[in-house]
Amino acid sequence: MADPCVHGSRGDCAISVRRGGLSVLGEGVRKAVPGARVIMLAVDEGVRTRWAPAAHASLEAAGLRVHVVPLQADENEKSIAAVERVWAAMLQAGMQRGDALVALGGGIAGDLAGFAAATFLRGIPLVMAPTTLLAMVDASIGGKTAVNLPLPKGGLGKNLAGAFHAPSWVLCDVDTLATLSDRDFRCGLAECVKHALIADPAMLRWMRGTCASILAREPVALEELVRRSVAIKAAVVSRDEFECGERAHLNLGHTFGHALESVLHDRLRHGEAVAIGLVAAVAASRAAGWWPDADPAEVAAALAQVGLPTKVPTSVDRATLNVAMGFDKKGSGGRRRLVLLRGPGQPAVLDDATDAIVDAGWSAVGA
Ligand SMILES: NC(=O)c1ccc[n+]([C@@H]2O[C@H](COP(=O)([O-])OP(=O)(O)OC[C@H]3O[C@@H](n4cnc5c(N)ncnc54)[C@H](O)[C@@H]3O)[C@@H](O)[C@H]2O)c1
C-alpha cells in the first residue's frame, strides 16, 4: 500500500509507516532533504536509551554529521527556554539553512523541536520520527508546531506561541510503540477512534474486531491502525492546510474534552478526556437532530473495549464545565460552536449549540 501523503502549499510530505523504520531513517532523510549535511537529532528523554541509538546510527551511516539535543517530555518544558537550547545547539553545530532537524519522540518533543526548526534561520527542514501513538496519528501530521506560554494570572497557556511548519518527511516506526506505557498508548487510541468516527466507519468496525491484536501491540495490527488513521488526518490537512474550515472537524469531541481536561487535569489525560468527549459529541449530535439514530452507547463500548474512560470520573458541576467550555453566557462571545456528526463519517460544525444539545452531551457521560 502506498504511503499516505500530505499535499501542502510547500510540497508533498510522505508519511512512511513501517516496522524497523529507524534503520532507514538516514537514507530517508537524504532523499527528503537532499541538501542536508548536518542533522540536529532532538531526542525525547523517554526514548534516549532505547530508540535514539538506532536513529543516530542510521543517520551517520548515510554520511550525515549528527548532533544531539535532549528534550524533556513535560508540558512545562515545552517552552521558549527549551527552544533557545535547541537554537543554541544548532548554532554551536554550525548548521546552515539546508541542514535539517530530526525530532525523535512524542508530541511534546515534536511540537517543541518543530517550533525551533520553524524559526531557526527563518525555517530549516524538519523531519518527524514520532514514537508515541498520538504523535504518529496526530501531532506529527499537519505542520502545527508550538510551545506553551505562562499566563499573566498564572498557569500555562497551551500552544500559545507557534508556527505552521510542514515537515519534509514523517517516519512512523511502529516498533517503537512496544515500549510506550499503556496509558500513553490508550490516549493515542482515542484519536484513532475519533478519526474513524469522522471519516471511516469501517475502520471503527475493524478496530473492534482487531482489538485484542491492537492491545497486544502486534506489529501488523499497529501498522494498519497507524496507516489508516494517518491517511484520514493527512487527507483533511491536505484539503485545509491552515485550518480555515474542514480541519476543525478533527476537533470532534475536543470541546467537551478540553473542558473536562481543564477542570480535572489531575485526573484525566488529554486522550482520556477526548474519549469521554467523543461520547458526549455523539449524544449531542442526536439531540441536535443531526443523527437521529446515533448510539452513544455503541461508541462508548468501542472506547471501553480499548480501556478508555467513557464517563466523567467524579462528580463535577455542569455549570463549571460549561464555563470551561466557554459556553457560559458571559464568556461565549455569542458563539457556541461544536463539531458534531450528521451520521457516521459525516462531521460538521454547529455554530449555535443550544443548552439542550450541550446538556444531552453532558448527560450521556454522567456529568
Ligand atoms: N502539533 C499538533 O498538531 C498536535 C496534535 C495533538 C497533540 N499535540 C501535542 O502533543 C503533546 C502530547 O504528545 P504525546 O501524547 O505524544 O505525549 P508526550 O510527548 O508527553 O509523550 C508521552 C510520554 O511518552 C514518552 N515516550 C515517547 N515515546 C516513547 C516510547 N516509544 N517508549 C516509551 N516512552 C515514550 C515520553 O517521554 C513521555 O514521557 C501535547 O503537548 C499536545 O499539545 C500536538
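About the criteria used
- Counting restarts for each chain: residues are numbered from 1 in the order of the written sequence.
- Given that this is a predicted model, residues contribute local features only at a pLDDT of at least 70 and side-chain atom pairs are listed and counted only at 80 or more, while totals for whole chains, interfaces and linings are drawn from all residues.
- Per the convention used, a helix needs a DSSP run of H or I reaching at least four residues, while a strand needs a run of E reaching at least two, with both numbered from the N terminus.
- Using C-alpha atoms as the atom set, the radius of gyration is obtained and then compared with a globule rule of 2.2 Å times the number of residues to the power 0.38.
- Exposure criterion: with C-beta atoms placed from backbone coordinates, a residue whose C-beta has 20 or more other C-beta atoms within 10 Å is buried, one with 12 or fewer is exposed, and one in between is partly exposed.
- For the purpose of contact definition, each residue receives a C-beta atom placed from its backbone, and two residues are in contact when these atoms lie within 7 Å.
- Note on definitions: angles span 0 to 180 degrees between N-to-C directions of axes, and those axes are lines fitted to C-alpha atoms, for helices only across the stretch in contact.
- Should an angle lie under 35 degrees it is considered roughly parallel, over 145 roughly antiparallel, and from 65 to 115 roughly perpendicular; all remaining angles are considered oblique.
- The crossing is said to be left-handed when, going from far helix to near helix, the turn is anticlockwise and less than a right angle, and right-handed when the turn is clockwise.
- For this classification, Asp, Glu, Lys and Arg are treated as charged, while Ala, Val, Leu, Ile, Met, Phe, Trp, Tyr, Cys and Pro are nonpolar and the rest, including Gly, are polar.
- Whether a crossover is right-handed depends on one test, that the path from the first strand over the helix to the second runs clockwise when the strands point away from the viewer.
- Strand pairing is assigned whenever DSSP detects at least two bridges linking the two strands.
- Nearness here is judged by the C-beta atom: place it from the backbone, and if it falls within 6 Å of a molecule or strand, the residue counts as near that partner.
- Joining buried Ala, Val, Leu, Ile, Met, Phe, Trp, Tyr and Cys residues through C-beta atoms within 7 Å gives a set, and that set is a nonpolar core.
- The source of the domain bounds is an automatic or database domain assignment.
- Note: the arc covers the axis-to-C-beta directions of the helix.

Quick look at the overall build of the chain now. Secondary structure assignment for the chain yields 14 helices and 11 strands. Computed over C-alpha atoms, the radius of gyration of the chain comes to 20 Å, within 12% of the 21 Å expected from 2.2 N^0.38 for 367 residues, which places it in the range of a compact globule. Projected onto the principal axes, the alpha-carbon positions of the chain cover approximately 60 × 50 × 35 Å. Residues counted as buried form 51% of the 367 residues belonging to the chain. When contacts within the chain are restricted to residue pairs at least 6 apart in sequence, long-range pairs at least 24 apart make up 76% of them.

As a further point, take the packing of helix α11 (residues 270-287) against helix α14 (residues 355-364). Taken N-terminus to C-terminus, the directions of α11 and α14 make an angle of 140°; their axes are 7 Å apart at the nearest point. Taken together, the axes of α11 and α14 lie oblique to each other. Relative to α14, the crossing made by α11 is right-handed. Where α11 approaches α14, its residues Val279, Ala280, Ala281, Ala283, Ala284 and Ala287 are matched on the opposing element by Ala356, Ile357, Val358, Ala360, Gly361, Trp362 and Ala364. For the contact of α11 with α14, the class distribution of residues is 12 nonpolar, 1 polar and no charged.

In terms of residue burial, strand β6 (residues 126-130) counts as a mostly covered element, since 5 of its 5 residues are buried. In this region the chain leaves strand β5 (residues 100-105), passes through helix α4 (residues 107-119) and returns to the parallel neighbour β6; the handedness of that crossover is right-handed. The pairing of β6 with strand β9 (residues 169-173) spans 2 bridges and is parallel. Residue Met128 lies in a different strand from β9, and its bridge partner there is Val170.

Near the ligand you find 28 residues, and of these Gly46, Ala73, Gly106, Gly107 and Thr132 are the closest. Put simply, the parts of the chain that give the shell around the ligand at least two residues each are α4, α5 (133-139), β8 (156-164) and α6 (182-199). Its residues assigned to classes, the shell around the ligand comprises 9 nonpolar, 10 polar and 9 charged.

Spatially, the 7 strands line up as an open sheet ordered β1-β2-β9-β6-β5-β3-β4, and their pairing is mixed. On the outer flanks of this sheet lie β1 (5-8) and β4 (65-71), each paired with one strand and no other. Here the average twist between neighbouring strands, direction ignored, is 15°. Helix α9 (residues 219-239) contacts β1, β2 (11-18) and β9 of the sheet and is inclined by roughly 165° relative to β2.

The next thing to look at is the nonpolar core. Val29, Ala42, Leu101, Val102, Leu104, Leu278 and Val279 are the most contacted members of the largest nonpolar core, which totals 128 residues. Leave out the neighbours within four places in its chain, and Leu104 touches Leu41, Ala42, Val43, Asp44, Val47, Trp51, Ala52, Ala55, Ala129 and Thr131.

This part takes up the environment of Met1. Mapped onto the secondary structure, Met1 falls in the segment before β1. As for Met1 and Arg227, which are separated by 226 residues in sequence, their C-alpha atoms are 9.4 Å apart.

Okay, the environment of Asp293 next. Mapped onto the elements of the fold, Asp293 is located in the loop between α11 and α12 (296-305). A tally of 6 C-beta atoms within 10 Å means that Asp293 is categorised as exposed. Between the C-alpha atom of Asp293 and that of Ile39, which follows or precedes it by 254 residues, the distance is 53 Å.

This part covers the pairing of β8. When a strand is regular, its side chains alternate between the sheet's two faces. Pairing between strand β7 (residues 144-150) and β8: 6 bridges, direction antiparallel. Note that in β8 the partner of Val147 across the bridge is Ala161. Joining the antiparallel neighbours β7 and β8 is a turn of 5 residues, in which Gly154 adopts a positive phi near 100°.

With that settled, the discussion passes to unusual backbone geometry. Positioned with a positive phi, Asn159 is a non-glycine residue whose angle comes to about 55°. Structurally, Asn159 is set in strand β8. Using a count of 16 C-beta atoms within 10 Å as the deciding quantity, one classes Asn159 as partly exposed. With phi around 55°, Arg217 is a residue other than glycine that occupies positive phi space.

In terms of domains, the chain is made up of domain 1 (5-180) and domain 2 (246-364). Relative placement of domain 1 and domain 2: their C-alpha centres are 31 Å apart.

This part covers α12. Along α12, the residues that are buried comprise Pro296, Val299, Ala300, Ala302 and Leu303. The buried residues of α12 occupy an angular sector of 160° when projected down its axis, which confines them to one face. Its buried side turned inward, α12 meets α6, α7 (201-209), α11 and α14. Note on α12: the residue one or two positions beyond its end, Gly307, has a positive phi of about 85°.

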